[in-house]
Structure formats: C-alpha cells, structure tokens
Amino acid sequence: MIIKHKKGDIFPIFAVLLGILGAGAFFLSSMGMQNRGGLSIRVVDAYDLTPVKNADIIIPSADIFAKTDASGLAAVTLPIIKNGPQEKALGQSWGECTIIAGCSGYRPTVMLYAHVYKDKLRRAVIYLFPEDKDGEEIITVVEPPDEEWIKALVEKYLN
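A. The arrangement of the overall build of the protein chain in detail. Within the protein chain, the regular secondary structure consists of 3 helices and 8 strands. Sequence-ordered secondary structure for the protein chain, helices as α and strands as β, is α-β-β-β-β-α-β-β-β-β-α. In the protein chain, which comprises 159 residues, the share counted as buried stands at 31%. For the protein chain, restricting intrachain contacts to residue pairs at least 6 apart in sequence, the fraction spanning at least 24 positions comes to 59%. As presented, the protein chain carries roughly 10800 Å² of accessible surface, and 62% of it is formed by carbon and sulfur atoms.

B. Here's a closer look at the nonpolar core. Counting 23 residues, the largest nonpolar core has Leu 39, Ile 41, Ile 59 and Ile 99 as its most contacted members. The set of elements that each furnish at least two residues to this core consists of β1 (36-45), β2 (56-59), β3 (64-67), β4 (73-79), β5 (94-102), β6 (109-117) and β7 (121-128). Among all residues touching Ile 41, those that are not within four sequence positions of it are Ile 57, Ile 59, Gly 72, Leu 73, Ala 74, Val 76, Ile 99, Ala 124 and Ile 126.

C. Focus on a nonpolar patch on the surface. Taken together, Leu 49, Val 125 and Tyr 127 make up a surface patch of nonpolar side chains, about 280 Å² in accessible area. Within the secondary structure layout, Val 125 lies in strand β7.

D. Just the pairing of β5, in detail. The element β5 is largely enclosed, with a buried count of 7 among its 9 residues. The sheet contact formed by β2 and β5 spans 3 bridges and is antiparallel. The partner of Asp 56 across the bridge, within β5, is Gly 102. When β5 meets β6, the two strands line up antiparallel, connected through 7 bridges. What sits directly across from Cys 97, in β6, is Ala 114.

E. Region of interest: the pattern of salt bridges. Here the structure, examined in full by the defined rule, presents 5 salt bridges. For Lys 151, the salt bridge identified is with Glu 148, shortest N-O distance 4.0 Å. Separated by 3 residues within a single helix, Lys 151 and Glu 148 lie in helix α3 (residues 147-158), roughly one turn from each other. Overlapping salt bridges bring together Glu 147, Glu 148 and Lys 151 as one network.

F. Representation of the confidence of the model for the protein chain. With 77% of its residues at a pLDDT of at least 70, the protein chain reaches an overall mean of 82. Throughout residues 1-7 the model reports pLDDT below 50, and contacts reaching past four residues in sequence, or to other chains, amount to 1 contact. Taken together, the stretch residues 10-33 has pLDDT below 50 and engages in 4 contacts with residues farther than four places along the chain or on a different chain.

G. Representation of the packing of aromatic side chains within the structure. Under the definition given, this model contains 2 aromatic pairs. Residues Tyr 47 and Phe 129 carry aromatic rings whose centres are separated by 5.6 Å and whose planes lie at 85° to one another, so their mutual orientation is edge-to-face. Taken together, the residues span a long stretch of sequence, with Tyr 47 in the loop between β1 and β2 and Phe 129 in the loop between β7 and β8 (139-142) at a distance of 82 residues. On the basis of an interplanar angle of 80° and a centroid distance of 5.8 Å, the ring pair of Trp 94 and Trp 149 is categorised as edge-to-face. Within this pair, whereas Trp 94 is found in strand β5, its partner Trp 149 is found in helix α3, the two being separated by 55 residues in sequence. A residue is classified by how much of its surface remains accessible, and Trp 149, at 10% relative accessible area, is buried.

H. Seen up close, α3. With 12 residues, α3 should reach 16 Å at 1.5 Å per residue; the first-to-last C-alpha distance of 16 Å fits that figure. At the N-terminal end of α3, a side-chain oxygen is found 3.2 Å from the backbone nitrogen of Glu 148, two or three residues along, and the residue is Asp 146.

Conventions and cut-offs
- Numbers given to residues run from 1 along each chain, matching the order in which its sequence is written.
- Only residues with pLDDT of at least 70 are given local features in this predicted model, and only at 80 or more are side-chain atom pairs given and counted; all residues enter the totals for whole chains, interfaces and linings.
- Just so you know, side-chain values use all the structure's heavy atoms and leave hydrogens and water out.
- By definition, any uninterrupted DSSP run of H or I lasting at least four residues is a helix, any uninterrupted run of E lasting at least two residues is a strand, and each is numbered from the N terminus.
- A simple rule labels every residue: compare its accessible area, found with a 1.4 Å probe on the protein chains alone, to the largest value its type can have, and call it buried under 20%, exposed over 50%, or partly exposed in between.
- Whether two residues are in contact is decided by their heavy atoms: any pair within 4.5 Å suffices.
- Residue exposure ignores everything except the shown protein chains as possible cover, and the areas themselves are Shrake-Rupley values with a 1.4 Å probe.
- Throughout, nonpolar core names a set of buried Ala, Val, Leu, Ile, Met, Phe, Trp, Tyr and Cys residues whose side chains join them through atoms within 4.5 Å.
- Each patch is assembled from residues with relative accessible area greater than 30% and no salt bridge, linking like charges that lie within 9 Å and nonpolar side chains (Val, Leu, Ile, Met, Phe, Trp, Tyr) that lie within 5 Å.
- A pair is scored as a salt bridge if a Lys or Arg side-chain nitrogen falls within 4 Å of a carboxyl oxygen belonging to Asp or Glu.
- When DSSP finds at least two bridges between two strands, those strands are taken to pair.
- Per-residue confidence from the prediction method is given by pLDDT, with values spanning 0 to 100.
- Put simply, two rings from Phe, Tyr or Trp (the six-membered ring, in Trp's case) pair if the centres are within 6.5 Å, and we call them stacked under 30 degrees between planes, edge-to-face over 60, tilted for the rest.
- The length a helix should cover is 1.5 Å for every residue beyond the first.
- We call two N or O atoms a polar contact when they sit within 3.5 Å, provided that within protein one can donate a hydrogen and the other can accept it, with sequence-adjacent residues counted only if both atoms are side-chain atoms.

Here it is as structure tokens:
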C-alpha cells in the first residue's frame, strides 16, 4: 500500500511524533529511570573458576530474577539505591544492592552492598562453592566502599 501526502502534511506528523517522544522522556525521567546502573555478574566455580551456567541471580531490591548463560554471565540494569547511614555520614557516589546467586550442586552465595554506578556497567564476580558436608551452608560476601572513601570517613570523624 502506498500513502501519498501533500508537502505540508509532514510537519504535523513530525510534531506529533516529537510530542510523543518528549512526553515519554519526561515520564521516564520522572519515574527515576535516569538514576540507573548496570551489573555484569559472572558466576564461577570457586575451586576451578569454570563458569556456572543456569545459576539463579536475584536482586531483591529491584525485583530482578535472571539466569547466567553458558559463559556464567548475567547482565542487569537496576536503580541506584544509596545506603542511608553511609550517605548521611559522608555521602556516596554509588548505589548498593544485594545479589543472591545459587545453582543446583552449589551452596548459595549472598553478596551484600554490591556497588552500582550511575550510567555505568560494572562487573561483579560471584564464587559458588560446591555443596558438601563441611563448611557453611550459605556463603556471605560483603563489598566495602573503596579505600579513598574509608580514608575520608576516618579523616572527617577522627581528625
């Protein structure tokens, strides 16, 4: 089907499209979509460092459920959520989330305070330990703020 327009018809169509795009951009920005970051999560066997495929990745604060691919990777985009006490104490330029990783035959691992940076894709590695009768049932890892932030915190409150 061929649609023919007169020369003057293109401007109203263009104006309507721009209006729709502008309204969509305003809606997304008002919903906090501009404060997002990405995580590329690699899940590997803790002993031989081989990728763990089909591992479950859960980020409760963002209602994200993903699976790793054959190379042990899962990529997600999530909102920047700051840590209240850290933000109040010194401010922080990053957000944080909790990542839960698990797969049949492995102990679940929980990474607390995983860093998420605005408009950046960050890489995180989670090591899964095979299930056995010895050791902890669930592995917990805590990601601390970077060393410069820690130094600035100590300097602010102890000097």
